[in-house]
Amino acid sequence: MAKKDATSGSGNANPMWGGHYAAGPSVIMAEINASIDVDKRLYAHDIRASKAHAEMLGRQGVLSGKDVKAITRGLDAIQKEIEDGTFVFSSALEDVHMNIEASLKEKIGDAAGRLHTARSRNDQVATDFRLWLRDALDGLDESIKDVQAALLDKADEHASLTMPGFTHLQPAQPITFGHHLMAYVEMIGRDRARMRDCRARVNEMPLGAAALAGTSFPIDRASVAKELGFEKPMENSLDAVSSRDFALEFLAAATVLGVHLSRLAEEIVIWASPSFGFIKLSEAFTSGSSIMPQKRNPDAAELVRAKTGRLLGAFSALTVIMKGLPLAYAKDLQEDKEQVFDAADTLRLSLAAAAGMVRDMQPQEDALKKALGVGFITATDLADWLVREANVPFRDAHRITGRIVRLAETKGCRLDQLSLEEMRSVEKSITEAVFGILDPVQATASRKSAGGTAPSNVKHAVKKARKRFLSA
């Protein structure tokens, strides 16, 4: 038997293409054209939308009640087979829609062919995709909320634990551990808001737009939209089948969320290093070395940090796919789902890892206290004291404080280890009371301005955030 060339046709046209094609595609064409390995994840949404479409056609008198019942019964059977693992997907049938339709024809005969009345694969796939993403967004919202819950619990537990705050990764001012974690609660809260905004734009229904121009059949798009939980049918048929900005918006929001998770992961990596020693992670979220038995590597955090690149890559890929497409549908849009599916999977895992690490990490009070003695971390408090108590203009107070810091550097001691006489040698107005604000714990407690790091503020912020985010 002669070996088939990679460019030769299969000899059989796709039975779903109709009479225009007499010969089949080349082996290469069949391979590049098939999307079933990716889009079979849409099966439940495809079946749900098809049932709603069939029922609407029945109500409108386009299909008989007998056909509608047969279609519904057949689709239910197919869904059960898929979920039982007995359904065989065929790449020759290209995608999930044609696999389901072909199986339906085997089960119920000619009635299956009537299901595709007044719709196209163009509006069909756009509808399925939006249904899938809507469900994914709902699941991700719960995962994001769980990260916030983990951060809030840890922040509440350590609302009074003082640690160095950094700018440029240099010791800057004392803050509380709880206050630091609350910054991520706020960041991730904005991520949740972006995802919810995205969901609102996802929740419009393309079905009924058909290939690109609508249909002459007397369909009722509004009733199908209601049945499927959409806010409304999309207004323009061209836009309905060809737009993927809802997917781009999701990927953009996912990338921003990924960046925030990456920043948290980076701090976990830094804090867990022996050079800092601010936290400890258990074996649940670390791994050992194949050669260095003493190692405990923060691999979960490193992987969360790295996966942000996948999210950005997905956003970039779909942006490039979309940027040059004329209206309406083009096969380029077959490449949209893989990016979104991968991003959703990546986010789901990264969020679970982030929540797990936050719950697992234990701050090390001795290391944090030791770090507070480095870098003259209450220098700003000294400058503020000069302004408040000695009526020194802030710029002058800044200069005076700098001279006192230089004196401490020369002596190799902390600011609070200088004597009153030594500080008065720089500025005569300094009194014994200054030592009260040179202690990092007291300095932190004094920062009670709105949004500040004082433990009382942190406790109040946690309470407010629980109401804002966890009850929503």
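Per chain, residues are indexed from 1 in the order of the written sequence. For a predicted model such as this one, the threshold for reporting local features is a pLDDT of at least 70, and the threshold for listing and counting side-chain atom pairs is 80 or more; totals across whole chains, interfaces and linings nevertheless cover every residue. Only hydrogens and water are set aside when side-chain values are computed; all heavy atoms of the structure are taken into account.

A. Region of interest: the overall build of the protein. The secondary structure content of the protein amounts to 20 helices and 6 strands. Taken over the C-alpha trace, the protein has a radius of gyration of 31 Å; the compact-globule value for 472 residues is 23 Å, which it surpasses by more than 25%. The classification of residues rests on relative accessible area computed with a 1.4 Å probe and restricted to protein chains. Under 20% of the type maximum is buried, over 50% is exposed, and intermediate values are partly exposed. Here the protein holds 472 residues, and 47% of them are scored as buried. Any pair of residues with heavy atoms lying within 4.5 Å of one another is described as a contacting pair. In the protein, of all internal contacts separated by at least 6 residues, the share reaching a separation of at least 24 is 73%. Put simply, DSSP H or I for four residues or longer makes a helix, DSSP E for two residues or longer makes a strand, and each gets a number counted from the N terminus. In this setup the radius of gyration rests on C-alpha atoms only. A globule is expected at 2.2 Å times the number of residues raised to 0.38.

B. Quick look at the pairing of strand 1 (residues 162-167). Should DSSP find at least two bridges between two strands, the strands are taken to pair. Bridge analysis of strand 1 against strand 2 (residues 170-176) gives 6 bridges, and the strand direction is antiparallel. Counterpart to F166 in the pairing with strand 2 is P171. Hairpin connection between strand 1 and strand 2: a loop of 2 residues separates the two successive antiparallel strands, and H168 in this loop has a positive phi of roughly 60°.

C. Expanded view of the side chain of H158. With respect to the helices and strands, the residue H158 is situated in the loop between helix 7 (121-157) and strand 1. Residues in contact with H158, not counting those within four places in the same chain, are F177, G178 and P363.

D. View of the pattern of salt bridges. Only one rule defines a salt bridge in this text: a Lys or Arg side-chain nitrogen within 4 Å of an Asp or Glu carboxyl oxygen. Following the criterion strictly, the structure yields 31 salt bridges and no others. With a closest N to O distance of 2.7 Å, D76 and K51 form a salt bridge. Placement of D76 in helix 4 (residues 65-84) and of K51 in helix 3 (residues 43-59) is noted, with a sequence separation of 25 residues between them. A residue is classified by how much of its surface remains accessible, and D76, at 35% relative accessible area, is partly exposed. With its nearest N and O atoms 3.1 Å apart, the salt bridge here joins R414 to D416. Three or more residues are tied together by salt bridges with common partners; here these are E94, D95, R121 and K331.

E. Structural view of helix 16 (residues 394-411). Over its 18 residues, helix 16 extends 25 Å from the first C-alpha to the last, a length consistent with the 26 Å expected when each residue adds 1.5 Å. Every buried residue belonging to helix 16 is among A397, I400, T401, I404, V405 and A408, and all of these are buried. One side of helix 16 carries all its buried residues, which in axial view fall inside an arc of 145°. Away from its buried face, by an angle of more than 90 degrees, helix 16 presents the exposed residues R395, R406, E409 and T410. Those residues of helix 16 that are buried lie in contact with helix 15 (379-390) and helix 17 (420-424). Downstream of helix 16 by one or two residues, G412 has phi in the positive range, about 70°. Here a helix's expected span is defined as the number of its residues, less one, multiplied by 1.5 Å. Of all possible arcs, the one meant is that of the directions from the helix axis to the C-beta atoms.

F. Examining the packing of aromatic side chains more closely. A pair of Phe, Tyr and Trp rings is counted when the ring centres sit within 6.5 Å of each other, with Trp represented by its six-membered ring. The angle between the planes then sorts it: under 30 degrees is stacked, over 60 is edge-to-face, the rest tilted. Tallied over the full model, the rule gives 8 aromatic pairs. Ring centres of F129 and F246 lie 5.5 Å apart, and the angle between their planes is 70°; on these two criteria the pair is classed as edge-to-face. Here the residue F129 occupies a position in helix 7, and F246 occupies one in helix 11 (residues 245-272), the gap between them amounting to 117 residues. Here F129 and F246 have matching classes, each one buried.

G. Representation of the side chain of K154. By secondary structure assignment, the location of K154 is in helix 7. When sequence neighbours within four positions are dropped, the list of residues in contact with K154 reads F177, L181, V358, R359, M361 and Q362.

H. Spotlight on the nonpolar core. By nonpolar core we mean a set of buried residues, namely Ala, Val, Leu, Ile, Met, Phe, Trp, Tyr and Cys, connected to one another through side-chain atoms within 4.5 Å. Core analysis: the largest hydrophobic core is formed by 100 residues, its most contacted members being L133, M195 and F250. Setting aside its immediate chain neighbours within four residues, L133 contacts V202, F246, A247, F250 and V340. Ranked by size, the runner-up nonpolar core spans 21 residues in total, among them L382, V392, I404 and I430.

I. Here's a closer look at the environment of N236. Tracing the backbone shows N236 in the loop between strand 4 (232-233) and helix 10 (237-242). A relative accessible area of 40% places N236 in the partly exposed class. As a C-alpha pair, N236 and L212 span 24 residues in sequence and 9.0 Å in three-dimensional space. Polar contacts, as used here, are pairs of N or O atoms within 3.5 Å; protein pairs need one atom able to donate a hydrogen and one able to accept it. Residues neighboring in sequence count only if both atoms are side-chain atoms. Of the polar contacts made by the side chain of N236, one reaches the backbone nitrogen of D239; its length is 3.0 Å.

J. View of a nonpolar patch on the surface. There is a patch of nonpolar side chains on the surface, built from L212, L238 and L327 and spanning about 260 Å² of accessible area. Structurally, the position occupied by L327 is in the loop between helix 12 (299-322) and helix 13 (336-360). A patch consists of residues whose relative accessible area exceeds 30% and which take part in no salt bridge; residues with like charges are grouped when within 9 Å of each other, and nonpolar side chains (Val, Leu, Ile, Met, Phe, Trp, Tyr) when within 5 Å. Each accessible area is a Shrake-Rupley estimate made with a 1.4 Å probe; only the visible protein chains count as cover when residues are assessed.

K. Region of interest: the packing of helix 15 against helix 16. Viewed as axis vectors pointing N to C, helix 15 and helix 16 meet at an angle of 135°, and their least axial separation amounts to 8 Å. Relative to helix 16, helix 15 is oriented oblique. Helix-helix and strand crossings are classified by hand; for helix 15 and helix 16 the assignment is right-handed. Each of A379, L382, A383, D384, L386 and V387 in helix 15 lies in contact with helix 16, whose residues at this interface are F394, A397, H398, I400, T401, I404 and V405. Each residue is assigned to one of three groups, with Ala, Val, Leu, Ile, Met, Phe, Trp, Tyr, Cys and Pro labelled nonpolar, Asp, Glu, Lys and Arg labelled charged, and all others, Gly among them, labelled polar. When its residues are assigned to classes, the contact of helix 15 with helix 16 shows 10 nonpolar, 2 polar and 1 charged. Helix axes use the C-alpha atoms of the stretch in contact, all axes being lines fitted to C-alpha atoms, and the angles between their N-to-C directions lie in the range 0 to 180 degrees. The scheme is simple: roughly parallel for angles under 35 degrees, roughly antiparallel for over 145, roughly perpendicular for 65 to 115, oblique for anything else. Here is the rule for handedness: rotate from the far helix to the near one, and if that takes an anticlockwise turn smaller than a right angle the crossing is left-handed, while a clockwise turn gives right-handed.

L. How the structure looks around unusual backbone geometry. Residue A328 follows L327 across a cis peptide bond; omega there is 10°. Although it is not a glycine, H168 adopts a positive phi angle of roughly 60°. By the secondary structure assignment, H168 is in the loop between strand 1 and strand 2. Take H168: its relative accessible area is 74%, and that puts it in the exposed class. One non-glycine residue with positive phi stands out, namely A210, at about 60°. Along the chain, the position of A210 falls in the loop between strand 3 (204-205) and helix 9 (221-227).

M. Focus on the environment of T319. Position of T319 among the secondary structure elements: in helix 12. Distance in space between the C-alpha atoms of T319 and A247 is 9.7 Å, their sequence separation being 72 residues.

N. The confidence of the model for the protein, seen in detail. The share of residues in the protein with pLDDT of 70 or more is 93%, and the mean pLDDT across the chain is 92. Segment residues 1-11 is flagged for pLDDT under 50; beyond a separation of four residues in sequence, or across chains, it makes 18 contacts in the model. Confidence scores labelled pLDDT are given residue by residue by the predictor and lie between 0 and 100.

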